[in-house]
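Each chain, written out:
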Amino acid sequence: MFFETHDYKVEKKAFEDNLLIVLTFLFASYICDMAGIYVHIPFCRQRCTYCDFHFSTTFSSYRFDMVKAICTEIEVRKNDLAGKQLQTIYFGGGTPSLLSEDELVLILDTIHANVEVTPNAEVTLEANPDDITQEQLEVWKQHGVNRLSIGIQSFRKQDLEWMNRAHSVGEAMNCIQLAQSAGFDNLTVDLMYGLPDLSTEEWEEQILTVVNNGVRHISAYCLTIEEKTALHHWVKSGRLTTPDEDVQSEQFMQLLKTLEAHGYEQYEVSNFAKPGSRAVHNSNYWKGEWYLGIGPSAHSFNGTSRRWNVSNNITYIKGIQSGNHAFEIEELSTENQFNERLLTGLRTVYGVEREQLRSIREFPDDFESRLEQLKDAGWITDENGWIYTTKEGKLRADYIASELFC
Ligand code: SF4
């Protein structure tokens, strides 16, 4: 007798969903080009000690002006995506899970009214565990959010305290099952390693907590000490000590080992997915697809230039209101385009297509000999017109890319 286990059903559903997405994507690719939209929500409940993203914790007086400015920017810049269909919508921040239902709906309606969105588009919302409630989940689901990126970072009380995270261990533990019960199968969880006093055994327990909860996508980052953060000050003054590089590398290797043993594929240096659960939005970044970045500090890319909005909420709002948008733009030289394609492609399983590189510019004279050396070292494979990093190569992907730069 054959029983459909829970795992089997989840795998089967993921396969069917994936097949549908692939067919939709192939059809949509046939009729037009794809792009993504990133909406930056620059509000946070409190300041995490390690964070140098753009956000504000004092926003109540202008939050609606910000949402209106975001909608206006979408309307004004819709032609930046002329001829493109949106395959992905991504709410990042900051803390998008702080948006009220009305605010979320207003932004989503503005996107749909101005840009063609593919059926079954991936719609991701970054959510912090303390915002994940039954009611919120229903609201997100009802309005088309179909993927949640949960910023758990750690399940240890002492970490959440020194990080100044707004959530508790209990909220971190409960939010995954709460989201799954509400029908969110497409979840990703962010975790951090290389934390003060975190042993490699404890790190493995953290990974297994996510794995055993059936989460099919995990992003894991080593703690980095960014300037102008409280953490930077504490480490400099000796108040907090972070592990040395050997421990960080050991924890990274543990991450690879544990996740591989549980059927996750490392499809980007810091991103791991079960079959059918890769992030479409981030994958498109790494493949060099176009994206439109909306909101303060958001970055956009159109193949040949990068543009980034001012990282100041009031300046951003005033700029949008007055029609003098505050942003900078950089036209990428062919060398820069070539190097960026290598840098992003070689960090992923997608690799880099020789033809695409050649369409940007001719290979440098010694490119093939440099490539040979990397192949001899066992870090690169080069087959059927595509260049990839091997598993070993992925550990030093940035270095390898820099060896091949123009
Ligand atoms: S919630 Fe996220 S964006 Fe906000 S301060 Fe913390 S880490 Fe930074």
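Residues numbered from 1 in each chain as written. Predicted model: local features only at pLDDT ≥ 70, side-chain atom pairs only at ≥ 80, totals over all residues. Heavy atoms only, no water.

K.L.:
I'm lost on the confidence of the model for the chain in this one. Help?
P.N.:
As a note on interpretation, predicted positions should not be read in detail where pLDDT is low. When pLDDT is averaged across the chain, the result is 92; 92% of the residues are at 70 or more. Note on residues 1-10: pLDDT is under 50 here. Beyond four places in sequence and across chains, it has four contacts. Scored below 50 in pLDDT, residues 19-31 makes nine contacts in the model with residues more than four places away or belonging to other chains. (pLDDT = per-residue confidence, 0-100. Contact = heavy atoms within 4.5 Å.)

K.L.:
I tried to follow the pairing of strand β1 (residues 33-41) on my own but got confused; where do I start?
P.N.:
On a regular strand, each side chain points to the face opposite its neighbour's, so the side chains alternate between the two faces of the sheet. For β1, the tally of buried residues reaches eight of nine residues, placing the bulk of the element in the interior. Relative to strand β2 (residues 84-93), β1 runs parallel, the two being bridged by nine bridges. In the strand pairing of β2, Tyr-38 is matched with Tyr-90. Considered for its hand, the β-α-β crossover made up of β1, helix α2 (residues 63-76) and β2 is right-handed. Bridge analysis of β1 against strand β9 (residues 290-294) gives five bridges, and the strand direction is parallel. If you follow Gly-36 over to β9, its bridge partner there is Tyr-291. (Buried < 20%, exposed > 50% of the residue type's maximum accessible area, 1.4 Å probe, protein only. Helix = DSSP H or I, 4+ residues; strand = E, 2+ residues; numbered from the N terminus. Pairing = 2+ DSSP bridges. Right-handed = clockwise from strand over helix to strand, strands pointing away.)

K.L.:
Whenever I open this one, the domain arrangement of the chain confuses me. Can you help?
P.N.:
A common measure of how large an interface is: the accessible area buried when the components associate. The assigned domain composition of the chain is domain 1 (23-286) and domain 2 (351-406). For domain 1 versus domain 2, the distance between C-alpha centres works out to 30 Å. Across the contact, six residues belong to domain 1 and four residues belong to domain 2. Both faces combined, the contact of domain 1 with domain 2 buries some 430 Å², and carbon together with sulfur accounts for 66% of it. The largest per-residue losses of area from domain 1 upon contact with domain 2 belong to Glu-260, Gln-266 and Val-269, which jointly make up 63% of the total buried on that side. Taken together, the connections running from domain 1 to domain 2 amount to one salt bridge. (Domains from an automatic or database assignment. Buried area = accessible area lost by both parts, 1.4 Å probe. Salt bridge = Lys/Arg side-chain N within 4 Å of Asp/Glu carboxyl O.)

K.L.:
How should helix α14 (residues 367-376) be read in this particular structure?
P.N.:
Since the α-helix advances by 3.6 residues per turn, residues separated by three or four positions end up pointing in the same direction. Within the span of α14, buried status applies to Phe-367, Arg-370, Leu-371 and Leu-374. Buried residues of α14 fall within an arc of 100° about the axis and therefore sit on the same side. Across α14 from its buried face, at more than 90 degrees, point the exposed residues Gln-373 and Asp-376. Next to the buried residues of α14 lie α12 (334-345), α13 (354-360), β14 (380-383), β15 (386-389) and α16 (397-404). In the stretch just after α14, Gly-378 is the one whose phi turns positive, near 85°. (Arc of directions from axis to C-beta.)

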